[in-house]
Structures are given as structure tokens and as C-alpha cells.
Amino acid sequence: MGYLPMGDIASSEFNSSKYPGVCKPSTVSALATFKRMQTQLNRVAAAKGIPTVAIDGDIGPGTLG
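A brief report on the enclosed structure follows. (Residues numbered from 1 in each chain as written. Predicted model: local features only at pLDDT ≥ 70, side-chain atom pairs only at ≥ 80, totals over all residues. Heavy atoms only, no water.)

### Concerning the pattern of salt bridges
Consideration 1: Going through the model one piece at a time under the given rule, you end up with one salt bridge.
Consideration 2: Ionic pairing is found between D58 and K24, a salt bridge with its closest N-O pair at 2.8 Å. Taken together, the residues span a long stretch of sequence, with D58 in the loop between α1 (28-48) and α2 (61-64) and K24 in strand β2 (residues 24-25) at a distance of 34 residues.
Consideration 3: Owing to a relative accessible area of 21%, D58 belongs among the partly exposed residues under this scheme. (Salt bridge = Lys/Arg side-chain N within 4 Å of Asp/Glu carboxyl O. Helix = DSSP H or I, 4+ residues; strand = E, 2+ residues; numbered from the N terminus. Buried < 20%, exposed > 50% of the residue type's maximum accessible area, 1.4 Å probe, protein only.)

What follows is the structure, given as C-alpha cells:
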């Protein structure tokens, strides 16, 4: 399986100040990109036998861990 393009995200497309410790997408495009990233992280986590995260588009402590 090859790498999937993640896309470019401008700082105006997410909010990291409204919810401390969580970066939330504010556009449909950013949400899709964040979900693709979480999907790829889960793919690697499953291969390594470590816990996966919810694919919700929110980048928080679970995704960073």
C-alpha cells in the first residue's frame, strides 16, 4: 500500500483555541484531511498491535499519543 496525499491545510481551516488540547477542523476539507490522517495512523497502530483512535476528525491527546 502506498502513501496517500494528505492535502494542504491553512491555519484558518481549524480551531485549536476554542477547545484546549483539541484541534477541531472548521471546514469540510480540513475534516476530510484529519480523518484521512487518523485512518493512516490507525493502519500503522493496528500493524504494530497498539490501540487505535476514533476517526472523528478531532486531533486531541489520543491522536497525538
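### Topic: the layout of surface pockets
Consideration 1: In this structure, the largest pocket encloses a volume near 180 Å³.
Consideration 2: Every residue along the wall of the largest pocket is listed here: L41, N42, V44, A45, I50, P51, T52, V53, G62, T63 and G65.
Consideration 3: Elements that contribute at least two residues to the lining of the largest pocket include exactly α1 and α2.
Consideration 4: Broken down by element, the residue count for the lining of the largest pocket peaks at four residues, all from α1.
Consideration 5: Here the residues of the lining of the largest pocket sort into six nonpolar, five polar and no charged. (1 Å grid on protein atoms, 1.4 Å probe; cavity = no way out; pocket = protein on both sides within 12 Å on 5 of 7 lines; lining within 4 Å. Points joined across faces, edges and corners; volume = space filled by probe spheres on them. Nonpolar A, V, L, I, M, F, W, Y, C, P; charged D, E, K, R; others polar.)

### Quick look at the environment of M37
Consideration 1: Mapped onto the fold, M37 is located in helix α1.
Consideration 2: In this structure the C-alpha to C-alpha distance between M37 and I59, which are 22 residues apart in sequence, comes to 9.6 Å.

### Focus on the environment of A32
Consideration 1: Structurally, A32 can be placed in helix α1.
Consideration 2: Residue A32 is classed as partly exposed on the basis of its relative accessible area of 32%.

### Looking at the side chain of T33
Consideration 1: Inspection of the secondary structure assignment puts T33 in helix α1.
Consideration 2: Of the polar contacts made by the side chain of T33, one reaches the side chain of R36; its length is 3.1 Å. (Polar contact = N/O pair within 3.5 Å; in protein donor to acceptor, adjacent residues only side chain to side chain.)

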